[in-house]
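So you can see what is in the structure, the chains are spelled out below.
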Amino acid sequence: MTKRTLVWFRRDLRLHDHLALAKALEQGPVAAIFTVSDDMRKREASCWWLHHSLFSLQKALHEQGVTLLLSDENPTSVLPKLVKTYLINQVVWNDSYTTDERKEEVALKKVLEEAGISYEACYGDVLFPQHELTKDNGDPYSIFTPFYKRSQKETVKRPVALQEDWQSIQVDALKSLDELKLLPERDWYKKFEAYWTPGEQAGIEQFKQFADDDIADYKKMRDFPDADGTSRISPYLTWGNLSVRAVYYAASRREHAEPYLRQLVWREFARRQLMQHPTLETKPLRTEFNEFPWRDSQSDFDKWKRGETGYPLVDAGMKQLWETGWMHNRVRMVAASFLTKHLLLPWQWGADWFKETLVDYDEANNAMGWQWVAGTGIDSAPYFRIFNPETQLEKFDSNGEYVHEFTKDQDVAPIVDHKEARARALAAYERIKK
Ligand SMILES: Cc1cc2nc3c(=O)[nH]c(=O)nc-3n(C[C@H](O)[C@H](O)[C@H](O)COP(=O)(O)OP(=O)(O)OC[C@H]3O[C@@H](n4cnc5c(N)ncnc54)[C@H](O)[C@@H]3O)c2cc1C
């Protein structure tokens, strides 16, 4: 039987490997909608990416005769209205795994059930459905290595293809993209255009180039911020311009790709952690850290944000973030360690700054990354492991090219002495150990 379906786009702003859209098209005509929430607007750099991703998606759907509706109303009110107006039979979407979006989904299911509207939630931004990859007794893994080993016994499904003939439901537009006002008010984001092209096609090209040229050397090159050693697909994954399953599937067919696949499983692990601990981004998993004597220095925090700590690798990272909306993983670790250990400032402050300024901001990865560095997570680096930013610089940017590119070799005196700061951090840690 033919069914008229409304596809609710979420973190899947693409046409390839789109489970929900593939199902809808198989059953009859489709309409499509994306809803903006207030929380999205707090992620300013990521909102810039979202704006351009929606633009690309609108164009791609339009070529197939489908209008992408845009709305900033709550999905629980706008979706049922559309169902009624356009005599729609069902709503379908791909799951999202962020805390707020999971709540949004629960609320929507309730409203649809009460209204007698059928729906289907497909598994979304993950490699494996949630019920897979658990321990033998059904519990989730809290340690990465056994989770990874378990993941290697499973196969990631082949990406789904969309059928060629599309039927669409004719709808009247709601808001225009500009009316959504996703672009941040302060215009620092304009610089990002020199570094990134958001959207599905650009994401596919970016990944293909990495897979063709660099994936085999990933293990050797991934820690050098000056090299093109990582794939830089994180912002494409955040909004689903790329399907993580399609990326994994394609990468697993390349030689020497295991170290790269492992990182995609870290991403999966972060999602599992967030689902298990919805407050992962605000509350330490190790509860003894609730009593940690963090400092409260806005001026030191500002120096860190501006890249004026006097430690060249930290400063280059913070300036790279401000300039490009992205920071190399090695430098994220060093900068985060500096904030939480050398400056003894709360990791949540750093996580919030990243939320505002990263084009690839991702609640699960960001929260897990910060808790890992700060030593507050379950499977994380212990707090007493303190990176020496000078040694890290010698190891990973020995010719100083990365630092030069982003700091122009600025001359700033260190705001803390490494040895003293290290001793202060360890003393603070002793207080909660007792
Ligand atoms: C303090 C801190 C905050 C972070 N915040 C974010 C964030 O908001 N968004 C984000 O996507 N990543 C975050 N990361 C993880 C990591 O730094 C980025 O995923 C990576 O730098 C993205 O660059 P890439 O695409 O070139 O990665 P590649 O090295 O090419 O890896 C491919 C993909 O694997 C995943 N991945 C790689 N490393 C990690 C990791 N350590 N944890 C989880 N997934 C990983 C990402 O999806 C990445 O795009 C954070 C790490 C730290 C230490």
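Looking up the protein chain in an unreviewed UniProt entry gives the name Cryptochrome/photolyase family protein, with the organism given as Chryseomicrobium palamuruense. As recorded by UniProt, the Cofactor (unreviewed entry) comment attached to the protein chain reads in full: "FAD". Its UniProt record gives the protein chain a comment under Sequence similarities (unreviewed entry), which states: "Belongs to the DNA photolyase family."

(A) Here's a closer look at the UniProt feature "domain: Photolyase/cryptochrome alpha/beta" (unreviewed entry) in the protein chain. Within this numbering scheme, the UniProt entry marks residues 3-127 as carrying the feature "domain: Photolyase/cryptochrome alpha/beta" (unreviewed entry). Along residues 3-127 the backbone is 48% helical and 20% strand, and the end-to-end C-alpha distance reaches 28 Å.

(B) Quick look at the side chain of R10. Mapped onto the secondary structure, R10 falls in the loop between strand 1 (5-9) and helix 1 (19-27). Of the polar contacts made by the side chain of R10, one reaches the backbone oxygen of E101; its length is 3.0 Å. In this structure the side chain of R10 is engaged in a polar contact, spanning 3.4 Å, whose partner is the side chain of E104. Here R10 is in contact with F34, W93, N94, D95, S96, E101, E104, E105 and W239, once residues within four sequence places are set aside.

(C) Looking closely at the site of the ligand. Around the ligand, 27 residues are found, and the nearest of them are Y218, T230, S231, R232 and N329. With respect to the ligand, the side chain of R332 contributes an N or O atom lying 3.4 Å from an oxygen atom. A total of 820 Å² of accessible area belongs to the ligand in isolation, and the protein chains cover 95% of it. Under a 2 Å grid-point criterion requiring more than half of the atoms, the pocket assigned to the ligand is the largest pocket. When contributions to the shell around the ligand are tallied by element, the ones reaching two or more residues are helix 10 (234-238), helix 12 (258-276), helix 15 (329-342) and helix 17 (363-374). Across the shell around the ligand, the residue classes break down as 14 nonpolar, 8 polar and 5 charged. Viewed by domain, the shell around the ligand spans two of them, domain 2 (126-157 + 201-276) and domain 3 (287-433), each represented by three or more residues.

Rules used throughout
Residues numbered from 1 in each chain as written. Predicted model: local features only at pLDDT ≥ 70, side-chain atom pairs only at ≥ 80, totals over all residues. Heavy atoms only, no water. UniProt positions renumbered as here; feature names shortened; annotations may be inferred. Helix = DSSP H or I, 4+ residues; strand = E, 2+ residues; numbered from the N terminus. Polar contact = N/O pair within 3.5 Å; in protein donor to acceptor, adjacent residues only side chain to side chain. Contact = heavy atoms within 4.5 Å. Near = heavy atom within 4 Å. Areas by Shrake-Rupley, 256 points an atom, 1.4 Å probe, with all protein chains shown as cover. 1 Å grid on protein atoms, 1.4 Å probe; cavity = no way out; pocket = protein on both sides within 12 Å on 5 of 7 lines; lining within 4 Å. Sits in = over half its atoms within 2 Å of the grid points. Nonpolar A, V, L, I, M, F, W, Y, C, P; charged D, E, K, R; others polar. Domains from an automatic or database assignment.

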